[in-house]
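Tertiary structure, described
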Amino acid sequence: MQVLFEDPHLNPIRQKVEAGERLSFEDGVTLYRTHDILAVGYLANLVRERLHGNTTYFNVNRHINPTDVCVASCRLCAFGKRVRDPKAYTMSIEEVWQRAGEGYTEAVTEFHIVGGLHPELTLDWYCEMLRGLKTRFPHVHLKAFTMVEIAYLARRTKIGVRETLERLRDAGMDSLPGGGAEIFAPAVRRIICDHKIDGDDWIETARAAHQLGLRSNCTMLYGHIENDADRVDHLVKLRALQDETGGFVTFIPLAFHPDNTPLQHIGKTTGFADIRNIAVARLMLDNIPHIKAYWVMMTPRMAQIALRFGADDIDGTIVEERIYHDAGATTSQGLRRAELLQLIRKAGRTPVERDTLYRPVQRTETAFTVLV
Ligand code: V47
């Protein structure tokens, strides 16, 4: 017997989802406006299980933020500091290499490396950092630099984005994380991050990366001053680029954390919004394979629920997180592998450790192998 939805406006969307048809812009707005979150979750879970069955992915990773110096001063951010701020930090290259080896004893398979837009660090500096990491940790995937950092480095080096990406790739960059996309709508972007590249340039930089064969993630920052249509517009733009390049691996909806930012008068997002953004993303982004419930941002409790509302990935061990903790996140800095396994199993899902590109990882006490 078919379960009846409380909100009849969702019935045409249900028909499309069941038939595997693409949802329209208007469908996206309807999904954001309905109060029938269980129906939205039911549909998202249908797609999630069609794609991934019961599997939930996680990885053993470490975040590294080489510097918090940033020329951008975005209103959304609590992490970036001016170059002369006494609280700002910039690691030396040796410190980055040392930091990479610290933390949990479990061998990491990924370093997630992002930082501010530093006005003095050169492309050569970043290349040397990457080369040193590859020499010291040859089996670790380097997922490094947002599209915003790439575009800024290209501009400062006075070379094109493509050449910047090529030089970083040749030095060891394996893929790119999804940050810096925020919300593409120009009127919103002007207020929350007016010093960053605009949405078109973010897309253009991602396109250039994908055309070089580099894979990347993508994100959307929600819960600030954007409206339903801005969010759907953002998702539809990501979907269009994915149709063209197929380069996105994972989408991560990011909840705005207001503490210590110039926008701290805006409240925190609700659990309802966090779950809805996971589910709507799963339904709208029919061509992006994975939807990540980033536990640092959502809390492990909500991320666990998200595994039944469209998410198939919970991110990783992280070890040390700064961007969200500077903006008031109360979650722990990292989780042990065993804790991630427990979270996933207690949601009735089957955990699969993955590498950055979602190949399963087989682990013994002291080593890991990526299964291809
Ligand atoms: O680029 C910054 C956002 C991003 C705040 O690719 C904020 O696997 C909320 O991109 N409140 C960094 N968000 C995080 C990120 C990410 C995280 C996990 C996995 C991956 C991946 C990518 O966080 C920034 C920006 O979009 N951000 N400040 C804030 N106050």
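These notes cover the structure that comes with them. Keep in mind the model is a prediction, meaning the values are calculated, not measured.

Brief notes about the overall build of the chain
- Summing up its helical and strand segments, the chain has 15 helices and 12 strands in all.
- Its C-alpha radius of gyration of 20 Å places the chain within 12% of the 21 Å reference for a compact globule of 372 residues.
- The principal-axis extents of the C-alpha atoms in the chain amount to approximately 60 × 50 × 40 Å.
- When each of the 372 residues of the chain is scored for burial, the buried share is 59%.
- Taking as baseline every contact in the chain between residues at least 6 positions apart, the subset at least 24 positions apart corresponds to 75%.
- Accessible area for the chain stands at about 15,500 Å²; split by element, carbon and sulfur atoms hold 52% of it.
- Separation between the mean location of the 46 positive side-chain charges and that of the 48 negative ones in the chain comes to 2 Å.

Comments concerning the site of the ligand
- Neighbouring residues of the ligand: 24 residues in total, closest L76, K143, E182, K292 and Y324.
- Between an oxygen atom of the ligand and a main-chain N or O atom of G178, the distance comes to 2.8 Å.
- Across the complex, the protein chains shield 96% of the 610 Å² of accessible surface that the ligand would expose by itself.
- Every element with two or more residues in the shell around the ligand is listed here: β6 (215-222), β7 (248-255) and α14 (323-326).

Considerations on the pairing of β6
- Most of β6 is tucked away: seven of the eight residues are buried.
- Here two bridges tie strand β5 (residues 175-176) to β6, and the two strands are oriented parallel to one another. In the sheet register, L176 faces β6, and the bridge partner there is S216.
- Two elements, β6 and β7, share six bridges in a ladder whose sense is parallel. Bridge pairing links C218 to F251 in β7.
- After leaving β6, the chain enters helix α10 (residues 228-245) and then returns to the sheet as β7, a path that is right-handed.

As for the environment of L343
- Position of L343 relative to the elements: it lies in helix α15 (residues 337-346).
- Taking C-alpha positions, L343 is 8.2 Å from R301, a pair spaced 42 residues apart along the chain.
- When neighbours within four sequence positions are excluded, L343 is seen to be in contact with P300, Q304, I314 and L335.

Considering the packing of aromatic side chains
- Taken as a whole and assessed by the stated rule, the structure comprises eight aromatic pairs.
- Their ring planes at 45° and their centres at 5.7 Å tell us that F184 and W202 sit as a pair that is tilted. Highlighted residues: F184 in the loop between β5 and α8 (186-192) and W202 in helix α9 (residues 199-211), separated in sequence by 18 residues. An identical accessibility class is assigned to F184 and W202; each is buried.
- When the ring of Y294 is compared with that of Y324, the centres are 5.9 Å apart and the planes differ by 80°; the resulting orientation is edge-to-face. Taken as a pair, Y294 in the loop between β8 (290-291) and α12 (295-298) and Y324 in helix α14 lie far apart in primary sequence, 30 residues in all. For the pair Y294 and Y324, a shared accessibility class is recorded, and that class is buried.
- Members of the aromatic cluster, connected to one another through ring pairs, are W125, Y126 and F145.
- Looking at R136, its charged tip hangs above the ring of W97, at a distance of 3.8 Å from the centre.
- For the cation-ring pair, R322 lies above Y89, with the distance from its terminal atom to the ring centre recorded as 4.4 Å.

Here's the deal with the nonpolar core
- With 117 residues, the main nonpolar core has M129, L168, M173, W202 and F251 as its most contacted residues.
- Other than its neighbours up to four places away in sequence, F251 contacts C218, T219, M220, L235, L238, A281, L285, I288, H290, I291 and K292.

Some remarks on the packing of helix α4 (residues 93-100) against helix α5 (residues 123-136)
- Running from N to C, α4 and α5 cross one another at 35°; their axes reach a closest spacing of 10 Å. Helix-helix and strand crossings are classified by hand; for α4 and α5 the assignment is right-handed. Packed against α4, whose contacting residues are I93, V96, W97 and A100, the element α5 presents W125, E128, M129, G132, L133 and R136 at the interface.
- Its residues assigned to classes, the contact of α4 with α5 comprises seven nonpolar, one polar and two charged.

A word on α10
- With 18 residues, α10 extends 26 Å from end C-alpha to end C-alpha; this agrees with the ideal 26 Å at 1.5 Å per step.
- Every buried residue of α10 is accounted for by D228, D230, R231, V232, H234, L235, L238, R239, L241 and Q242.
- Contacts made by the buried residues of α10 are with α2 (25-33), α8, α9, β6, β7 and α11 (271-284).
- A positive phi of about 65° marks G246, the residue just after α10.

Thresholds applied
Residues numbered from 1 in each chain as written. Predicted model: local features only at pLDDT ≥ 70, side-chain atom pairs only at ≥ 80, totals over all residues. Heavy atoms only, no water. Helix = DSSP H or I, 4+ residues; strand = E, 2+ residues; numbered from the N terminus. Rg over C-alpha atoms; globule rule 2.2 N^0.38 Å. Buried < 20%, exposed > 50% of the residue type's maximum accessible area, 1.4 Å probe, protein only. Contact = heavy atoms within 4.5 Å. Areas by Shrake-Rupley, 256 points an atom, 1.4 Å probe, with all protein chains shown as cover. Lys, Arg positive; Asp, Glu negative; His and termini not counted. Charge placed at Lys NZ, Arg CZ, Asp CG, Glu CD. Near = heavy atom within 4 Å. Polar contact = N/O pair within 3.5 Å; in protein donor to acceptor, adjacent residues only side chain to side chain. Pairing = 2+ DSSP bridges. Right-handed = clockwise from strand over helix to strand, strands pointing away. Phe/Tyr/Trp six-rings, centres within 6.5 Å; stacked < 30°, edge-to-face > 60°. Lys NZ or Arg CZ within 6 Å of the ring centre and 35° of its normal. Core = buried A, V, L, I, M, F, W, Y, C linked by side-chain atoms within 4.5 Å. Axes fitted to C-alpha atoms, helices over the stretch in contact; angles between N-to-C directions. Left-handed = near helix turned anticlockwise from the far one by under 90°. Nonpolar A, V, L, I, M, F, W, Y, C, P; charged D, E, K, R; others polar. Expected span 1.5 Å × (residues − 1).

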